[in-house]
Amino acid sequence: GHVRIHANISAVVQFLPEDLGSFAREHPQVKIDLQEHLSNEVARAVHEGAADVGVCNTQGLALGAQLAQKPYRRDELVLVTPSKHPLARQRELSFEDTLEFDHVGLHSNSSVYVAQREAAAAAGRTIRLRIQVTGLDAMCRMIDNGLGVGVMPRRAFDLVRASGDLKCVRLRDAWAVRDINLVARDFDALPLTARLLVEHLQARSGAALPARAAA
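So, how was this worked out
Residues numbered from 1 in each chain as written. Predicted model: local features only at pLDDT ≥ 70, side-chain atom pairs only at ≥ 80, totals over all residues. Heavy atoms only, no water. Helix = DSSP H or I, 4+ residues; strand = E, 2+ residues; numbered from the N terminus. Polar contact = N/O pair within 3.5 Å; in protein donor to acceptor, adjacent residues only side chain to side chain. Contact = heavy atoms within 4.5 Å. Pairing = 2+ DSSP bridges. Disulfide = S-S within 2.5 Å. Buried < 20%, exposed > 50% of the residue type's maximum accessible area, 1.4 Å probe, protein only. Phe/Tyr/Trp six-rings, centres within 6.5 Å; stacked < 30°, edge-to-face > 60°. Core = buried A, V, L, I, M, F, W, Y, C linked by side-chain atoms within 4.5 Å.

Draft legend 1. Representation of the side chain of Asn8 within the structure. Within the element layout of this structure, Asn8 appears in the loop between strand 1 (2-7) and helix 1 (9-14). Engagement of the side chain of Asn8 in a polar contact is seen with the backbone nitrogen of Ala11, the distance being 3.0 Å. Ignoring anything within four residues of it in the chain, the contact list for Asn8 reads Glu36, His37, Ser39, Val42, Val55, Cys56 and Asn57.

Draft legend 2. Representation of the pairing of strand 4 (residues 68-82). Of the strand pairs in this sheet, strand 4 and strand 10 (residues 177-184) are connected by eight bridges, and their pairing is antiparallel. Its bridge partner lying in strand 10, Pro71 is registered against Asn181. In terms of strand pairing, strand 4 meets strand 8 (residues 150-153) through four bridges, oriented antiparallel. In the sheet register, Leu79 faces strand 8, and the bridge partner there is Val151.

Draft legend 3. View of the state of the cysteines. For the structure shown, the criterion picks out zero disulfides. Considering cysteine sulfurs only, Cys140 is the nearest to Cys168, which forms no disulfide, with 9.9 Å between them.

Draft legend 4. Representation of the environment of Gln59 within the structure. In this fold, Gln59 is placed in the loop between strand 3 (53-56) and strand 4. Under the relative-accessibility criterion, Gln59 is labelled exposed at 60%. For the pair Gln59 and Asn145, spaced 86 residues apart in sequence, the C-alpha to C-alpha distance is 32 Å.

Draft legend 5. Region of the structure containing the packing of aromatic side chains. Evaluated as defined, the whole model comprises two aromatic pairs. Plain terms: the ring middles of Phe15 and Tyr72 are 6.2 Å apart, the flat faces sit at 85 degrees to each other, and that makes the pair edge-to-face. With a gap of 57 residues between them, Phe15 in the loop between helix 1 and helix 2 (16-26) and Tyr72 in strand 4 connect regions that are remote in the sequence. Here Phe15 and Tyr72 have matching classes, each one buried.

Draft legend 6. Expanded view of the nonpolar core. Core analysis: the largest hydrophobic core is formed by 34 residues, its most contacted members being Leu79, Phe95 and Met152. Every element with two or more residues in this core is listed here: strand 4, helix 4 (111-122), helix 5 (136-144), strand 8, helix 6 (154-160) and strand 9 (166-171). Looking at this core, the element that brings in the most residues is helix 4, giving five residues. In terms of nonpolar packing, the next biggest core, distinct from the first, is built from 22 residues, Ile5, Ala11, Val55 and Ile180 among them.

Structural data, given as structure tokens:
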């Protein structure tokens, strides 16, 4: 069998390595083609038939209503700062509180950066964007070297921060807690191997998504 799966960076970094690895061990005869894309590109690929299954944040996506969705995981965005940054002493803050400082941002069309931009606009402010990067590891290195603060998923921060002297601070904004969903044109019409993968991913995610308090 053969499954084509497209996923956003949050899912690729945080969850899919272990989940796809366990699936591959259970089904060694199934070939998995995984590509990383922005959430809107993931949805487009599934809608156009270029991918069997997508894994992405569907909030605000125009194609979201046209695709079947199943819950997969929930992630929490946090603010990442150098350990000696003024904001590093906070236990929790609003994203608006970060706007007086320089930022290291992800790609302009990434769901994380779009949420930041919309939050800044709602506050009548703009983001002091100093540099943009395409990966979370690069973001951590830029922050560690004093180029600004940044926003990324908490679990991704734990995985990619490497040896940098960094801190993360919880964001109290509602948009900082996001659902990452599985998407398909029709889950029932998927080939057997793709249906097996969807069932496996849902089983790995658990019956209930974690609440913010548990995070």
